[in-house]
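Structural overview for review
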Amino acid sequence: MRQGCILSPFLFLIVIDFVLRKTAEGHDFGIMWGQKKLADLDFADDLALFCHTQQALQDMTDRLHLFGKKVGLRISGEKTKAMTVVNQTSSPITLEGQNIEKVEVDTRQVPVFRHLTI
């Protein structure tokens, strides 16, 4: 495929969907969202991973990196952030031995989380 080909975005979506499915396969990643489990949200090449524990998030990040590499995708450590909603003092999430920048959210300052329902 050449850059600018009309099929490129469609093929990218197929590949990223495959990688995310392989990442979650056989694991209980994610958070409860209504009656279903939500493990990730993605828009184009931006991804958000959801886990209840730091260890699960580290495992999910490692698996995403592993399966992404197998199809030629690379996670940008410079652009990646780890966000916690509950104040936790724990070791950082790492990617290829590098610490991922941690961003904390103080839920007392955000009284309502709004979301789009489709």
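Because the structure is a prediction, the values reported are computed rather than measured. (Residues numbered from 1 in each chain as written. Predicted model: local features only at pLDDT ≥ 70, side-chain atom pairs only at ≥ 80, totals over all residues. Heavy atoms only, no water.)

Helix and strand counts for the chain come out as two helices and eight strands. For the chain, the N- to C-terminal ordering of α and β elements is α-β-β-β-β-α-β-β-β-β. Within the span of the chain, comprising 118 residues, buried residues form 22% of the whole. As displayed, the chain offers around 9400 Å² of accessible surface, 57% of which is attributable to carbon and sulfur atoms. (Helix = DSSP H or I, 4+ residues; strand = E, 2+ residues; numbered from the N terminus. Buried < 20%, exposed > 50% of the residue type's maximum accessible area, 1.4 Å probe, protein only. Areas by Shrake-Rupley, 256 points an atom, 1.4 Å probe, with all protein chains shown as cover.)

Moving on: a nonpolar patch on the surface. Together, Ile6, Leu7, Phe10, Leu11 and Ile14 give the surface a local cluster of nonpolar side chains, amounting to about 520 Å² of exposed area. Relative to the assigned elements, Ile6 resides in the segment before α1 (8-24). A relative accessible area of 78% means that Ile6 is categorised as exposed. (Patch = residues over 30% accessible without salt bridge, like charges linked within 9 Å, V, L, I, M, F, W, Y side chains within 5 Å. Salt bridge = Lys/Arg side-chain N within 4 Å of Asp/Glu carboxyl O.)

Right, let's talk about unusual backbone geometry for a bit. Positive phi outside glycine occurs at Ala44, with the angle close to 55°. Here Ala44 is to be found in the loop between β3 (40-43) and β4 (46-49). For Glu96, which is not a glycine, the phi torsion comes out positive at approximately 55°. Take Glu96: it is sitting in the loop between β6 (94-95) and β7 (98-99).

Moving on, we come to the confidence of the model for the chain. Residues of the chain with pLDDT of at least 70 account for 85%, and the chain-wide mean is 85. Predicted confidence in the chain is weakest over strand β8 (residues 101-104), with a mean pLDDT of 83, and strongest over helix α2 (residues 54-70), with 94. (pLDDT = per-residue confidence, 0-100.)

Locating Arg63 in the fold gives a position in helix α2. No salt bridge is formed by the buried Arg63; the nearest opposite charge belongs to Glu25, separated by 5.4 Å. Within polar-contact distance, the side chain of Arg63 engages the backbone oxygen of Glu25 at 3.3 Å. Sequence-distant contacts of Arg63, that is, excluding residues within four places in its chain, are made with Lys22, Thr23, Glu25, His27 and Phe29. (Lys, Arg positive; Asp, Glu negative; His and termini not counted. Polar contact = N/O pair within 3.5 Å; in protein donor to acceptor, adjacent residues only side chain to side chain. Contact = heavy atoms within 4.5 Å.)

Any two side chains of opposite charge can pair if their charged atoms end up close together. Within this structure, the stated rule accounts for four salt bridges. We note a salt bridge from Lys22 to Glu25, for which the minimum N-O separation is 3.3 Å. With a relative accessible area of 24%, Lys22 lands in the partly exposed category. In this structure, Lys37 engages Asp28 in a salt bridge whose closest nitrogen and oxygen atoms are separated by 3.3 Å. On the accessibility criterion, Lys37 (37% relative accessible area) is partly exposed. Taking the relative accessible area as the measure of exposure, Asp28 reaches 65% and is therefore exposed.

Another point: α1. With 17 residues, α1 extends 25 Å from end C-alpha to end C-alpha; this agrees with the ideal 24 Å at 1.5 Å per step. Restricting attention to buried positions, one finds in α1 the residues Ile16, Val19, Leu20 and Thr23. Looking straight down α1, one finds its buried side chains confined to an arc of 95°; they lie on one side. Every exposed residue of α1 that faces more than 90 degrees away from the buried side is listed here: Phe10 and Arg21. Positive backbone phi, approximately 80°, marks Gly26, located one or two places after α1. (Expected span 1.5 Å × (residues − 1). Arc of directions from axis to C-beta.)

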